[in-house]
Amino acid sequence: MPQTKYYIYSILAAFTIIFASCQKSDLIGIDTGSENGKSEITTSAVDIATVPEDSVITTGLSQHPFGFLKDPVLGETEAKLALAFNLPSSGFSFGKDATIDSVVLVLKYGNELYGDSISNYTIRVAELAEVFPRSASNSTTYYSTKTWQSTGLLGTKELKAFSYGDTIRVQQIVDGARDTTKKFAPHARIQLGAASVFTKLKSALAIDSVTNFGFQKNFKGLYLTLDPGVITNKGALTFFDLASANNFSGLEVYYKNRTSAGALDTNMAVFSTSSGLAASNVIHNHPASVKANEGNVNVSEVYVQPLGGYRAKIKFTELEALKALVAKTAGENKTITINRAELIIPEVGAATPGTGTYLAPAPRLTLYRTDIAGVRQPIPDNAVQMDPRFLPEPLFDGFYGRRKPREYRFVVTSYVQDLLTGRLKEFDTFISPIRANFTGQANINAAANTARRAVLPGKLNPNSKVRLSIVYTQPD
């Protein structure tokens, strides 16, 4: 979008927010006492229910989930990680007489840790029993429901915590010069069985050391899991950043060769991994009390959970009553004008003293609709570059506590207008969690790069409700 046009929309939306903020109403239900031709306010109830989320793509992510979380509300979530690796270079060889020192799996942490920061873990690394990429392009897509086959334990690592906030100093091998120590961004270092891995790598290289795909068919990769039996406290889900420009994740292989003078020379080769060579298998074990809420609007709590967990389906149940009111008082051919419509969603499961919940709510939600075929579509207010009425991300909103504590809000003016006029039909409308960062896109896909969930009020919640606030002008 041209910058001038972007700022015009931002200014107009800002004025709309200022105007609407001056309007207050605690009324639930359609206001029938308005006069024709004047702006009125109505706040209507919204039906909302927990429904299962679609499975999510876990290849090519900005960061990949891994870990084991014991959520006091939503039960257990486990994320396992499959990895494939690239050659250090085309035609790479360790050399005829190479001997192995050590093999270390290095995984750079992302920017989210969700759960208990002091839990202890044991990471188990096995060999993949199936080839990761399906073609030489490495553009394979895998979903969170994919169950991976593995064989042969190659190493374990006990962690006191996922130390994603601590930099690490690592000794670096310098060819022909003195080794040096370098500081790296936070990452996990997992020592593997050197002799076993080295033998497998050499065997794969002997078959094909020229193409990555040829190598990957013979050294299939690694599979990371946690031992649930030794996790202390509540556990956590962490994320590994395999996509950023400064990603240094991979297999570091330290080995020795003899120089022409007969001296032993230590070398390091890195078999790198990347976002396209990683996939997470995510398993949710929801308690029976939560499962019983699925699809039911007559409940006190509704859940939204990323990583293929839950989303909330909403229905603007009273819009038809508002439309009928206009037809009754102003005539069948009259159209109501929506000055501003805002969906208000309280959060009832935030981490507060005495609640038993230590997990912070999702920092951002997204709102989208589905078409007649059930395909996700942005609503007009969020149809970036697709509808001239779209709002910039900060104005469309969905951010936790941005305008009022413990609350999410969405500006849905154009969507409500289109539903009332019949330009759009409401098949289904959904809410789900996403990461908080701006993307310049509609953000309607199920999220796999965050673990943060939220608890929302259901229809029977005695303290708060999901509601639709509308400022409208009824025609003369």
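Quick summary incoming for the structure in this document. Predicted model, so just to flag it, every value in this text is computed and none were measured.

**Some details on the overall build of the protein chain**
No. 1: Looking only at helices and strands, the protein chain features 7 helices and 24 strands.
No. 2: Relative to its 476 residues, the protein chain shows a buried fraction of 52%.
No. 3: When contacts within the protein chain are restricted to residue pairs at least 6 apart in sequence, long-range pairs at least 24 apart make up 80% of them.
No. 4: Accessible area of the protein chain: about 20,900 Å², with a carbon and sulfur share of 50%.

**Details of the nonpolar core**
No. 1: The biggest cluster of nonpolar side chains holds 44 residues, and the ones touching the most others in it are F94, L105, L222, L224 and F271.
No. 2: Looking at which element gives the most residues to this core, the answer is helix α2 (residues 194-207), with 6 residues.
No. 3: The residues contacting L105, other than those within four sequence positions of it, are L83, F85, V125, A188, R189, I190, L192, L222, L224, G250 and L251.
No. 4: V299, V411, I431 and A454 belong to the second-largest nonpolar core, a separate cluster that totals 39 residues.

**Focus on the packing of aromatic side chains**
No. 1: The full count for this structure, using the stated rule, is 21 aromatic pairs.
No. 2: A ring pair is formed by F92 and F271, whose centres lie 5.8 Å apart and whose planes are at 90°; its orientation type is edge-to-face. Remark: F271 occurs in strand β14 (residues 264-272) and F92 occurs in the loop between β4 (75-83) and β5 (99-115); sequence separation between them is 179 residues. Just as F92 is buried, F271 falls in that class too.
No. 3: Aromatic rings pair up to connect F85, F92, F94, F198, F215, F219, Y255 and F271 into one cluster.
No. 4: Its end group placed over the ring of W148, K146 keeps NZ or CZ at 4.9 Å from the ring centre.
No. 5: Directly above the aromatic system of F430 lies the positively charged group of R311, at a separation of 3.9 Å from the ring centroid.

**A short note on α2**
No. 1: For α2, which comprises 14 residues, the first-to-last C-alpha distance of 20 Å matches the rise-based estimate of 20 Å (1.5 Å per residue) to within 8%.
No. 2: The secondary structure elements touched by the buried residues of α2 are β5, β7 (150-159), β10 (187-192), α3 (212-218), β13 (250-258) and β14.

**Details of the sheet that holds strand β2 (residues 47-52)**
No. 1: Taken together, 5 strands build an open sheet; the order of strands is β2-β17-β22-β19-β20 and the sheet is antiparallel. Either end of the sheet is taken by a strand with one partner, and the two such strands are β2 and β20 (376-378). Strand-to-strand, the axes of this sheet are offset by a mean angle of 40°, without reference to chain direction.
No. 2: The pairing of strand β17 (residues 310-315) with strand β22 (residues 428-433) spans 3 bridges and is antiparallel. If you follow I314 over to β22, its bridge partner there is T429.

**Structural notes on the sheet that holds strand β1 (residues 39-45)**
No. 1: One open sheet holds the 4 strands; their spatial order is β1-β24-β18-β21, and the pairing between them is antiparallel. Only two strands of the sheet have a single neighbouring strand rather than two, namely β1 and β21 (407-411). Across the sheet, the mean angle separating the axes of adjacent strands is 20° when strand polarity is ignored.
No. 2: By the bridge criterion, 5 bridges tie strand β18 (residues 337-346) to β21 in an arrangement that is antiparallel. Bridging from a neighbouring strand, L343 pairs with F410 of β21.

**Some details on unusual backbone geometry**
No. 1: Residues other than glycine seldom take positive phi values, yet R406 does so here, at roughly 55°.
No. 2: Looking at the element boundaries, R406 is found in the loop between α6 (393-396) and β21.
No. 3: Phi is positive for N443, which is not a glycine, with a value near 55°.
No. 4: Judged by its relative accessible area of 17%, N443 is buried.

**Considerations on the pattern of salt bridges**
No. 1: Across all of its chains, the model carries 21 salt bridges by this definition.
No. 2: The partner of D54 in a salt bridge is R311, with the nearest N and O atoms 3.6 Å apart. Of this pair, D54 sits in the loop between β2 and β3 (64-71) while R311 sits in strand β17; the two residues are 257 residues apart in sequence, bridging distant segments of the chain.
No. 3: Residue class for D54 comes out partly exposed when judged on its relative accessible area of 36%.
No. 4: Here E342 ties to R403 by a salt bridge, and the two come within 2.2 Å at their closest N and O atoms. Here the residue E342 occupies a position in strand β18, and R403 occupies one in the loop between α6 and β21, the gap between them amounting to 61 residues.
No. 5: Looking at E342, the relative accessible area reads 7%, which means it is buried.
No. 6: We classify R403 as partly exposed; its relative accessible area is 33%.

Rules and cut-offs
Residues numbered from 1 in each chain as written. Predicted model: local features only at pLDDT ≥ 70, side-chain atom pairs only at ≥ 80, totals over all residues. Heavy atoms only, no water. Helix = DSSP H or I, 4+ residues; strand = E, 2+ residues; numbered from the N terminus. Buried < 20%, exposed > 50% of the residue type's maximum accessible area, 1.4 Å probe, protein only. Contact = heavy atoms within 4.5 Å. Areas by Shrake-Rupley, 256 points an atom, 1.4 Å probe, with all protein chains shown as cover. Core = buried A, V, L, I, M, F, W, Y, C linked by side-chain atoms within 4.5 Å. Phe/Tyr/Trp six-rings, centres within 6.5 Å; stacked < 30°, edge-to-face > 60°. Lys NZ or Arg CZ within 6 Å of the ring centre and 35° of its normal. Expected span 1.5 Å × (residues − 1). Pairing = 2+ DSSP bridges. Axes fitted to C-alpha atoms, helices over the stretch in contact; angles between N-to-C directions. Salt bridge = Lys/Arg side-chain N within 4 Å of Asp/Glu carboxyl O.

Everything listed is a geometric property; what it means functionally is a separate question.
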